[in-house]
Amino acid sequence: MKNRYPAAFLSLTILLLMFLGLNVCIGSVNVPLREVLEILGGSGSGSTNGDIVLQMRLPRAIAALLLGGGLSLSGYLLQTFFHNPIAGPFTLGISSGAKLTVAMVMVFALGRSLSISSAAMIAAAFLGAMISMGFVLLMSRLVDHMSILIVSGVMIGYICSAVTDLVVTFADDANIVNLHNWSKGSFSGIDWSDVTVMAIVILVSSACVFLMSKPISAYQLGEQYAKSMGLNVKLFRGLLVVLSSVLSACVTAFAGPISFVGIAVPQLVKRLFGTAKPILMIPACFLGGAAFCLFCDLLARTAFAPTELSISTVTAIFGAPVVIVILLQKKMNQGG
């Protein structure tokens, strides 16, 4: 079994590098890989292809990598918190709550010709994520069945999305088209300053999650066992909530709501590795989420070019069947 882990990590890394290369090379103007490497090496950086690679495709691809990894980790933390395989930022309404607050801040700022910093966007998204999470936690205290909790989360998501659409519809600004595209989910328009901010937030949060591997492992065996091992369960659960909210908020602030990545990728990774050990699952979820979002963004840009699909549309096409299979397997196991 242990020989399986290096092979699985190698497979994820190869997929990640392959999709990263394809995202940089393929588009309305195809740039050969050798030319891309020359541009990255410094020669040809002032050419048209150099500008396309360095100013448009590379920051977008790195953003998809970072945000995809962060979203997958957020889903993994929520599944750990609720002990449920279909808990995720999208199904629990957390992404929609973040989307609502960011949309309101953007409309307010655009209406007054104010510029918004990346930090302010993340802060607004975090506030919305925490408010939605608060409702979900409240519902978790009131209901015993996880299915009802998931339905409550979906309803919270629908309410937040409806209010967001209302805000976007009646916003009066020339940039409303960009706001509308963001509200549907997209990696377009991301520049290097955005990449710098998201890299700091995502990588620091991911490192914190990795350092919690042992407590997560204990928590997976039950709260009583975790307490017997000396874990402060209340503080630990609070950290899970904050870290999952920070990760999903960062994703929503820059790319809008992205569906099913946080649910599907951790489950696919768990099946690939054949284990639930956090010390393996945490880096694997990040790699898997990064590769998955790079693949989906490539399809979003190229499948119906020059029309670009929203990233959430593509992730739903590939992620939703995974969720259906999980639900069917869970039903069959219960029936057995």
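The structure we're discussing is the one just above.
Please read these numbers as outputs of a predicted model, since none were measured by experiment.

Conventions we followed
Residues numbered from 1 in each chain as written. Predicted model: local features only at pLDDT ≥ 70, side-chain atom pairs only at ≥ 80, totals over all residues. Heavy atoms only, no water. Helix = DSSP H or I, 4+ residues; strand = E, 2+ residues; numbered from the N terminus. Rg over C-alpha atoms; globule rule 2.2 N^0.38 Å. Buried < 20%, exposed > 50% of the residue type's maximum accessible area, 1.4 Å probe, protein only. Areas by Shrake-Rupley, 256 points an atom, 1.4 Å probe, with all protein chains shown as cover. Lys, Arg positive; Asp, Glu negative; His and termini not counted. Charge placed at Lys NZ, Arg CZ, Asp CG, Glu CD. Salt bridge = Lys/Arg side-chain N within 4 Å of Asp/Glu carboxyl O. Contact = heavy atoms within 4.5 Å. Expected span 1.5 Å × (residues − 1). Bend = angle between axes of the 7 residues up to and from the residue.

A. Structural detail: the overall build of the chain. Helix and strand content of the chain: 14 helices and 0 strands. Over its C-alpha atoms the chain spans a radius of gyration of 20 Å, differing by no more than 12% from the 20 Å that the globule rule assigns to 336 residues. On the principal axes, the C-alpha backbone points of the chain span a range of 60 × 55 × 35 Å. Considering the chain as a whole, with its 336 residues, one finds that 50% of them fall into the buried category. Approximately 15700 Å² of the chain is accessible, and the part contributed by carbon and sulfur atoms is 68%. In the chain, which carries 19 positive and 12 negative side-chain charges, the distance between the mean positions of the two groups comes to 19 Å.

B. Here's a closer look at the pattern of salt bridges. Under the defined criterion, the tally for this structure stands at 3 salt bridges. For the salt bridge of Asp297 with Arg60, the shortest nitrogen-to-oxygen distance reads 2.8 Å. Of this pair, Asp297 sits in helix H13 (residues 278-302) while Arg60 sits in helix H3 (residues 48-82), placing them 237 residues apart in sequence. Judged by its relative accessible area of 1%, Asp297 falls in the buried class.

C. Region of interest: the side chain of Ser312. The residue Ser312 is located in helix H14 (residues 311-335) in this model. For Ser312, a relative accessible area of 13% gives the class buried. Ser312 has contacts with Lys184, Gly185, Pro257, Ile258 and Ser259, leaving out every residue within four places of it along the chain.

D. Region of the structure containing unusual backbone geometry. Cis peptide bonds are those with omega within 30 degrees of zero, and the linkage from Ala305 to Pro306 qualifies with 10°. Structurally, Pro306 can be placed in the loop between H13 and H14. Despite not being glycine, His83 has its phi angle at roughly 55°, a positive value. Using a relative accessible area of 47% as the deciding quantity, one classes His83 as partly exposed.

E. Local environment of H3. Its 35 residues give H3 an end-to-end C-alpha distance of 50 Å, which sits within 8% of 51 Å, the value for a rise of 1.5 Å per residue. Arg57 marks the point of greatest bend in H3, at about 40°, and the proline Pro59 comes within the next four residues. The buried count for H3 comes to 30 of 35 residues, which makes it a mostly enclosed element. Downstream of H3 by one or two residues, His83 has phi in the positive range, about 55°.

F. Spotlight on helix H9 (residues 213-220). Within H9, burial applies to Ser213, Ile216, Ala218 and Tyr219. In this structure, the buried residues of H9 make contact with H3, helix H8 (192-211), helix H10 (223-228), helix H11 (233-255) and H13. Where H9 ends, the next residue or the one after it, Gly222, has phi of about 120°, a positive value.

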